[in-house]
Amino acid sequence: MPFSKMSWTAGIALALTGVSHNAAALDGQDFGEKLAASIAAIGGDFSFESASVSGDRVTLSGNRISQSDQISLEAPGNIVFEGVRETGDGGYLASAARIADLAINERHRVLSVQNLEFLDVGIPADVEDHPALTNPFLANIHYGAMSFGPLTYREWGKTLVSLATYRAVKVVNEPSTEQELSFQLDGINADLSTISNPTIAAMLDLLGLQTMSGRISGEGSWDPSDSRVRVRDYAVIIDDVAKLNLTLDFTGYNIEFEDEMEQLDNSLADHPEYSPAEIEGTRYAAIMTAIGKFEVLGASLRYEDGSLAQRLLELFADVQSTDRVVLAATIAEGVLGAAADAGAPPKFQSMLLEAVQSFLIDPKSFEIRMAPASPVPASEFASATTTYEVTALIDRLNISVTANR
């Protein structure tokens, strides 16, 4: 989607954090102004026409959030905060924040979101003293749950993507600092018939994939105390086409990493004379250096075929006027040659060849798994260039490749 520079469906979550205390009376105007200051701290502009208070409920009306002249978010209804309490330092805590309808407009593109809700959110008294608003990494983890749906994305009035529901939940395993995170997107539908790239459009047409439906889900944890991230399962399911499952276990993702990325962006902003290629090159080198400090504890990637591999193999066999067995042997030989050129040891090559041949002849599933006995620095992935180093890395990672299991 073209809204890469904004995530206003999560923008209010980035602006809402705090510590609670009971308060006797609520000032709706002050509440709205501090919300506006919080959103301004993350680069947005929020305005409201009126604020009303009823018990512990604060309702803001006539709301608009914008990032530029071309990008704006309108909430034609009200933003309702329930269970609101004032914090000891003058901020606010709300048990829930609800927005019935949102519309993000960028010229001929419209992203509409309905029934947006955040749970356990708050507004700081002073954004300058609140690190969560100056560090989006912190801000992203301070709501208890978020949900919305349906969502639709349109171009020139035509719906290209729709989503029935989205829900994300965060639970802190007190007294530890580990946070359990999960999310689920259901009822995803995409219309691919308007893709402008002629090569991709022709391929999708040949495969009969002008439309797709499916769902995406994920669950895992992150512990700031040891910077360990565990992705227990990240699943992408395209109905009747394919299913992809990813697991990942590594250390090194912490606030310091995010600070490095923020400093990188600030540094690049100080050099307007840089060309786009220079900016991307500098950013890529810096990110790779930072990621090099990560340590891999384990990972897996599993593909289950619904029809995609079958369709592709049939298409390629038809184009090359050959049968599936010959095509499978040709592809397997190419994969084996690439592995040999990369310096993979003979034992690994044999395992890879067996798995690739098995999958190509009867595509059901294909899985790659890494289960090292001890952490492996991510920097070794890039530094392994000789046959000896590649062999040693593959052995350390304890990589297995299987098919149709």
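Residues numbered from 1 in each chain as written. Predicted model: local features only at pLDDT ≥ 70, side-chain atom pairs only at ≥ 80, totals over all residues. Heavy atoms only, no water.

K.L.:
Explain helix α12 (residues 387–397) to me, please; I cannot follow it from the model alone.
P.N.:
Residues three or four positions apart in an α-helix share a direction because the helix packs 3.6 residues into each turn. When α12 is considered as a whole, its buried residues turn out to be Val390, Leu393, Ile394 and Leu397. Along the long axis of α12, the arc covered by the buried residues comes to 95°, so they all point the same way. Residues of α12 that are exposed and point over 90 degrees away from its buried face: Tyr388 and Asp395. Buried residues along α12 sit in contact with α10 (346–361), β17 (365–370), β18 (376–377), α11 (379–383) and β19 (399–403). Just past α12, the residue Asn398 takes up positive phi, approximately 55°. (Buried < 20%, exposed > 50% of the residue type's maximum accessible area, 1.4 Å probe, protein only. Helix = DSSP H or I, 4+ residues; strand = E, 2+ residues; numbered from the N terminus. Arc of directions from axis to C-beta. Contact = heavy atoms within 4.5 Å.)

K.L.:
How should the pairing of strand β11 (residues 165–172) be read in this particular structure?
P.N.:
Successive side chains on a regular strand alternate, one facing one side of the sheet and the next facing the other. Pairing geometry for strand β8 (residues 145–148) and β11, over 4 bridges, is antiparallel. Within the sheet, the bridge partner assigned to Ser147 lies in β11 and is Arg167. Hairpin connection between β11 and strand β12 (residues 179–191): a loop of 6 residues separates the two successive antiparallel strands. (Pairing = 2+ DSSP bridges.)

K.L.:
Just checking my understanding: could you explain the pattern of salt bridges for this structure?
P.N.:
Two side chains bearing opposite charge may form a pair once their charged atoms approach each other closely. All chains considered together, the criterion is met by 18 salt bridges. Among the salt bridges present, the one from Glu155 reaches Arg109, with a minimum N-O distance of 3.6 Å. With Glu155 in strand β9 (residues 151–155) and Arg109 in strand β7 (residues 109–123), the pair connects residues that are 46 residues apart, well separated along the chain. One network of salt bridges, in which partners are shared, links Arg57, Glu82, Arg98 and Glu117. (Salt bridge = Lys/Arg side-chain N within 4 Å of Asp/Glu carboxyl O.)

K.L.:
Which parts of the structure should I look at to understand the packing of helix α5 (residues 198–207) against helix α8 (residues 308–319)?
P.N.:
The contact between α5 and α8 brings their axes to 10 Å, and the two run at 105°. With respect to each other, α5 and α8 are oriented roughly perpendicular. Seen from α5, the contacting residues are Met203, Leu206 and Leu207; seen from α8, they are Leu308, Arg311, Leu312 and Leu315. Across the contact of α5 with α8, the residue classes tally to 6 nonpolar, no polar and 1 charged. (Axes fitted to C-alpha atoms, helices over the stretch in contact; angles between N-to-C directions. Parallel < 35°, antiparallel > 145°, perpendicular 65-115°, else oblique. Nonpolar A, V, L, I, M, F, W, Y, C, P; charged D, E, K, R; others polar.)

K.L.:
Would you take a moment to explain the environment of Ala168 for this structure?
P.N.:
Looking at the element boundaries, Ala168 is found in strand β11. A C-alpha to C-alpha distance of 9.5 Å links Ala168 and Ser217, two positions 49 residues apart in sequence.

K.L.:
Where do I start with the side chain of Thr251 in this structure?
P.N.:
Considering the arrangement of structural elements, one finds Thr251 in strand β15 (residues 242–251). Residue Thr251 is classed as buried on the basis of its relative accessible area, which comes to 17%. Once residues lying within four places of it in the same chain are set aside, the contact partners of Thr251 are Asp226, Ser227, Arg228, Phe294, Glu295 and Leu297.

K.L.:
Just to check I follow, could you spell out the pairing of strand β3 (residues 57–66) for this structure?
P.N.:
Extensive coverage of β3 is indicated by the burial of 7 of its 10 residues. Of the strand pairs in this sheet, strand β2 (residues 50–54) and β3 are connected by 5 bridges, and their pairing is antiparallel. Of the residues in β3, the one forming a bridge with Ser54 is Arg57. Counting the residues between successive antiparallel strands, the hairpin from β2 to β3 contains 2 residues, one of them, Gly55, with a positive phi of roughly 65°.

K.L.:
Would you mind going over the packing of aromatic side chains with me for this structure?
P.N.:
Each pair of aromatic rings is reported with the distance of its centres and the angle of its planes. Enumeration over the complete set of coordinates arrives at 10 aromatic pairs. With centroids separated by 4.7 Å and ring planes inclined at 70°, the aromatic side chains of Phe31 and Phe81 adopt a geometry described as edge-to-face. With Phe31 in helix α2 (residues 28–40) and Phe81 in strand β4 (residues 72–82), this residue pair connects regions lying 50 residues apart in the sequence. The class of Phe31 is buried, set by a relative accessible area of 1%. (Phe/Tyr/Trp six-rings, centres within 6.5 Å; stacked < 30°, edge-to-face > 60°.)

K.L.:
Explain the confidence of the model for the chain here, please?
P.N.:
As a general rule, the predicted coordinates of low-pLDDT regions are not to be interpreted in detail. Averaged over the chain, the pLDDT score is 85; the fraction of residues at 70 or greater is 87%. Considering only residues more than four positions removed or in separate chains, one finds that residues 1–23, a stretch of pLDDT under 50, has 76 contacts. Under a pLDDT of 50 for its full length, residues 135–141 has, in the predicted model, 19 contacts with residues more than four places off or in other chains. (pLDDT = per-residue confidence, 0-100.)

K.L.:
It is not clear to me how unusual backbone geometry should be interpreted in this structure. Could you clarify?
P.N.:
Leave glycine aside and you will find that most residues have negative phi; peptide bonds, for their part, are mostly trans. Residue Pro150 follows Gly149 across a cis peptide bond; omega there is 5°. Considering the arrangement of structural elements, one finds Pro150 in the loop between β8 and β9. Look at Ser321: it is not a glycine, yet its phi comes out positive at around 50°. Mapped onto the secondary structure, Ser321 falls in the loop between α8 and α9 (324–341). Looking at Ser321, the relative accessible area reads 67%, which means it is exposed.

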